[in-house]
Amino acid sequence: KMVYELSLGLNDKYYGIRSLTLDKLKDIPEALANTSVLQTVQRIAMNDEHNRTKARAIAILADTKDAQYKPIFEKAINDSSYTVAGAALQGLGALDSANAYSLAKKYANDAKGNLGDAVNGIIMSQGNENDYDAIIKIYTDMPASQQKLDITGSFCNYLSKLSDEQKIKNGIDKVIAFRNAIPQAYRNFTDPSINAALQTIANTKGADMQAYINNAK
């Protein structure tokens, strides 16, 4: 019965019902084990006329990490919708990180919206020492926001991979500046995750970097 009801929702003529049903699927793993349901999700990911609905379907396929959907992601990356292209790039990143990184670098200067978010996340998580200037700019240019809070962990993980101590410290300063820019009323909620992200650098780089973080204001 549940699969039948989901099937009706996925095939509804109104995109809002299709989108709502896709959102429900994320919480019903057994439904995603149903071949018929997955085939319908695949059809939506390939052909739906509503961009956000299409992107939701792509994200569900991405969560399966099934290589059979790779061609769908590769095609959708070129979609005119940043929402669709962003979901597709994230899906590709789970299957082919090297290709996703190359594409993220390719689109870095022009990507906006969800595609921009996906590009930034991939470059930050997979970047090397040569990407430092681009990554520090991405992080610095972000306004104080939930998005910046979410990406701070990836930024600190990137810093922990660097060998240049001054670059690491400069990055730490950017994180501290962000932490201190958050209104005091919210700091009890935001400080733990930011401090945990900073601690990953100290854990990797040792006592001197721990002291630098501890002494930062």
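Residues numbered from 1 in each chain as written. Predicted model: local features only at pLDDT ≥ 70, side-chain atom pairs only at ≥ 80, totals over all residues. Heavy atoms only, no water.

Hey, could you go over the pattern of salt bridges for me, with residue numbers and the actual values?
Using the criterion set out here, one finds nine salt bridges in the structure. Note that Arg18 and Asp48 form a salt bridge whose closest N and O atoms lie 2.8 Å from each other. With a gap of 30 residues between them, Arg18 in helix α2 (residues 15–25) and Asp48 in the loop between α4 (35–47) and α5 (51–64) connect regions that are remote in the sequence. This pair shows no difference in class: Arg18 is buried, exactly as Asp48 is. Ionic pairing is found between Lys169 and Glu165, a salt bridge with its closest N-O pair at 3.2 Å. In this pair, Lys169 and Glu165 are both assigned in helix α12 (residues 165–181), four residues apart and thus about one turn of the helix distant. (Salt bridge = Lys/Arg side-chain N within 4 Å of Asp/Glu carboxyl O. Helix = DSSP H or I, 4+ residues; strand = E, 2+ residues; numbered from the N terminus. Buried < 20%, exposed > 50% of the residue type's maximum accessible area, 1.4 Å probe, protein only.)

Could you give me a rundown of unusual backbone geometry, with the residues and numbers involved?
One non-glycine residue, Lys65, adopts positive backbone phi at about 55°. Within the element layout of this structure, Lys65 appears in the loop between α5 and α6 (70–76).

Fair warning: the whole summary comes from geometry, so function is off the table for now.
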